Amino acid sequence: MCQWGTERIIHVIDRDRHVAVDACIADYVQEMNDRGIVTIACCCGHGQGLASVLVLRRSIPEMLRWRYAFENYSLDLIEHRFELED
Ligand SMILES: [Zn+2]
């Protein structure tokens, strides 16, 4: 995990933007986007629990294809949570 404010820039599919994300999960979330998954927000958990990525529901087929676990989050979003490796 990283301290609050330790971020790296990644390229996300959503509106074709560059965004700052927690540095320790930057590669992981970039890979999700590279696999065609639309991520909306993410957090590494900062040592307080699992890392979390919010994903648009329309990416569910890609989530299944790449075997990411997920749960319902809201009308539009699902949540993928995962354990960070040290
Ligand atoms: Zn972190």
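Residues numbered from 1 in each chain as written. Predicted model: local features only at pLDDT ≥ 70, side-chain atom pairs only at ≥ 80, totals over all residues.

Section: the pairing of strand E4 (residues 51–56)
Move 1: The side-chain alternation of E4 yields one buried face, formed by Ala51, Val53 and Val55, and one unburied face, formed by Ser52, Leu54 and Leu56.
Move 2: Where E4 and strand E6 (residues 77–82) come together, six bridges link them in antiparallel fashion. Residue pairing across strands places Val53 opposite His80, the latter belonging to E6. (Buried ≥ 20, exposed ≤ 12 C-beta atoms within 10 Å, placed from the backbone. Helix = DSSP H or I, 4+ residues; strand = E, 2+ residues; numbered from the N terminus. Pairing = 2+ DSSP bridges.)

Quick word on the pairing of E6
Move 1: Summarising the sheet, strand E5 (residues 71–72) and E6 pair through two bridges and their orientation is antiparallel. Note that in E6 the partner of Asn72 across the bridge is Ile78.
Move 2: In textbook terms, the turn of a hairpin is the stretch between consecutive antiparallel strands, and for E5 and E6 this stretch comprises four residues.

Some details on the nonpolar core
Move 1: Counting 14 residues, the largest nonpolar core has Val21, Ile25, Val29, Cys42, Val53 and Val55 as its most contacted members.
Move 2: Secondary structure elements with two or more residues in this core: helix H1 (26–34) and E4.
Move 3: Looking at which element gives the most residues to this core, the answer is E4, with three residues. (Core = buried A, V, L, I, M, F, W, Y, C linked by C-beta atoms within 7 Å.)

Topic: unusual backbone geometry
Move 1: Even without a glycine there, the phi angle at Arg15 is positive, about 55 degrees.
Move 2: Take Arg15: it is sitting in the loop between strand E1 (7–12) and strand E2 (17–22).
Move 3: Here the phi dihedral of Arg67 falls at roughly 60 degrees; this positive angle occurs in a residue that is not glycine.
Move 4: With respect to the helices and strands, Arg67 occurs in the loop between helix H2 (60–65) and E5.

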